[in-house]
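# Examination of the molecular architecture
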Amino acid sequence: MKLAVVALGGNALIHPKERGTAERQIKHVNETILRLKSLVKKFSLVLTNGNGPQIGNLLLQQEHYKQTIPVMPLDTLDAMTQGQLGYWIQQSVENILKKNAVTIITRVLVDKKDPAFKTPTKPIGPYYKKKIFPKMIKEPEGWRRVVPSPKPVKIIDIEEIRSLVKRNFVVIACGGGGIPVIKEKNKFVGVEAVIDKDYSTAKLATQLKAKVLIFLTDVPHVYLNYGQKDQKPILKLKKKDARILLDSGEFKEGSMKPKIEASINFLEKGGKRVIITSPQEINYALAGRGGTVIE
Ligand code: ADP
Ligand code: MG
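Residues numbered from 1 in each chain as written. Chains lettered and ligands numbered in written order. Predicted model: local features only at pLDDT ≥ 70, side-chain atom pairs only at ≥ 80, totals over all residues. Heavy atoms only, no water.

## Looking at the pairing of strand β11 (residues 187–190)
So the rule is basically this: The rule for pairing is simple: two strands pair if DSSP sees at least two bridges between them. Going along the chain from the N terminus, every DSSP run of H or I of four or more residues is numbered as a helix, and every run of E of two or more is numbered as a strand.
Where strand β10 (residues 179–184) meets β11, 4 bridges bridge the pair, whose relative direction is antiparallel. Looking at the pairing, Ile182 lines up with Val189 of β11.

Following this line, the structure appears as structure tokens:
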């Protein structure tokens, strides 16, 4: 069977106005997995997921009890949320899609010379009244920690993932963009950083030689002039036109831009098709009647 790599966006799991109880989040996981019923008949599946809201909550809990229990570093929190979300997705795939599933705690190699380490940009966790960490930025709501967001160099645990795909498991990998590690004196060491899951997912799809890459997010299409009166859905896009739009600054930093850039990377390295859409629209998109398809 052909392989499809599917990214589940963080917002598809916690809705912005919800408290994020386990019950609610599991409900959203189930709703999303249900939409993959026809996909799983045609493709082997590898699923990845975002973890922004979940790791933010976990960090808050850690901060709250820091007098009694030491705060865990970000790479460890990443591993914890990979387990949390992996468990929910795994259970949902088995209950709804009736396929055996397995979650891989996934490490992703980053370059310690990545310029992102010099200028941390990614805000995470709670707001503070004053500057208590060396790297913080001031937002209207208060001070916030910022961490580097380096690019993935390669998925370290790829062989394990590949062999499980071969054995017909639905594999859940690269949660939250993967745990960032660097190589130091020939040993892997975790670092406090956050990799955008869009880049890691595309990297994973390339390394697995998948033909299809799907980003499930909370909008049905990629739009031109997004958020303006004249916004227009893009239904089909050629790789070279995606590049032109990307270079012209059409897509927003931190949300749509990484998806488009990651899509182009994937298509340049042997990928055939990228679909960006919502869980609700995925089946229309697969039939060529919805979503945004980049080829
Ligand atoms: P995910 O967890 O799926 O990666 P993101 O928030 O990072 O979620 O990306 C999805 C968001 O991108 C949408 O909710 C939308 O607000 C935003 N977005 C920015 N630019 C565009 C665009 N041109 N077309 C569609 N959505 C866009
Ligand atoms: Mg995102």
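Next comes the rest of the account.
## What about the site of ligand 1?
What counts, and what does not: When we say a residue is near a molecule or strand, we mean one of its heavy atoms is within 4 Å of it. Throughout this description, a polar contact denotes any pair of N or O atoms lying within 3.5 Å of each other; where both atoms belong to protein, one of them has to be capable of donating a hydrogen while the other can accept it, and for residues adjacent in sequence the pair is counted only when both atoms sit in side chains. Methods summary: accessible areas were calculated by the Shrake-Rupley approach with a probe of 1.4 Å, and residue burial reflects only the protein chains presented. Under the scheme applied, nonpolar residues are Ala, Val, Leu, Ile, Met, Phe, Trp, Tyr, Cys and Pro; charged residues are Asp, Glu, Lys and Arg; polar residues are all the others, including Gly.
Around ligand 1 there are 17 residues in total, and Lys197, Thr217, Asp218, Tyr226 and Lys259 lie nearest to it. Within the side chain of Asp218, an N or O atom sits 2.6 Å from an oxygen atom of ligand 1. In the environment of ligand 1, an oxygen atom lies 3.5 Å from a nitrogen or oxygen atom belonging to the side chain of Ser255. For ligand 1, whose unbound accessible area comes to 580 Å², protein coverage reaches 84%. Grouping the constituent residues of the shell around ligand 1 by class yields 6 nonpolar, 7 polar and 4 charged.

## Quick look at the sheet that holds strand β5 (residues 122–128)
Rules: Axes here mean lines fitted to C-alpha atoms, for a helix over just the part in contact, with angles spanning 0 to 180 degrees between N-to-C directions.
Taking strand neighbours across the sheet as the criterion, the 3 strands line up as β5-β7-β6 in an open arrangement whose pairing is antiparallel. Edge positions in the open sheet fall to β5 and β6 (136–139), since each of these has one partner strand only. Neighbour-to-neighbour, the strand axes of the sheet open up by a mean angle of 35 degrees, direction not taken into account.

## Quick look at the pattern of salt bridges
Any two side chains of opposite charge can pair, given that their charged atoms come close. Just so we agree on the cut-off: Salt bridge criterion: a side-chain nitrogen from Lys or Arg within 4 Å of a carboxyl oxygen from Asp or Glu. For every residue, the accessible area obtained with a 1.4 Å probe (protein chains only) is divided by the maximum for its type, and the residue is called buried under 20%, exposed over 50%, and partly exposed between those limits.
If you walk through the whole model with that rule in mind, you get 13 salt bridges. The partner of Glu63 in a salt bridge is Lys66, and the shortest N-O contact between them spans 3.5 Å. Put simply, Glu253 and Lys257 hold a salt bridge, and the shortest N to O gap is 3.2 Å. Residue classification places Glu253 among the exposed positions, given a relative accessible area of 59%. The exposure class assigned to Lys257 is partly exposed, which follows from its relative accessible area of 24%. One salt-bridge network, held together by shared partners, links Lys197, Asp198 and Lys259.

## Some words on the packing of helix α6 (residues 197–207) against helix α8 (residues 256–268)
Formally: Each angle receives one of four descriptions, namely roughly parallel if under 35 degrees, roughly antiparallel if over 145, roughly perpendicular if within 65 to 115, and oblique otherwise. Less than a right angle of anticlockwise turn of the near helix away from the far helix marks a crossing as left-handed, whereas a clockwise turn marks it as right-handed. We call two residues in contact when some of their heavy atoms are within 4.5 Å.
Axis separation between α6 and α8 bottoms out at 8 Å; the angle between their running directions is 15 degrees. Relative to α8, the element α6 lies roughly parallel. In the crossing of α6 with α8, the sense of the turn from one axis to the other is right-handed. Where α6 abuts α8, its residues Lys197, Asp198, Tyr199, Ala202, Ala205 and Thr206 lie against Pro258, Lys259, Glu261, Ala262, Asn265 and Phe266. Its residues placed into classes, the contact of α6 with α8 shows 6 nonpolar, 2 polar and 4 charged.

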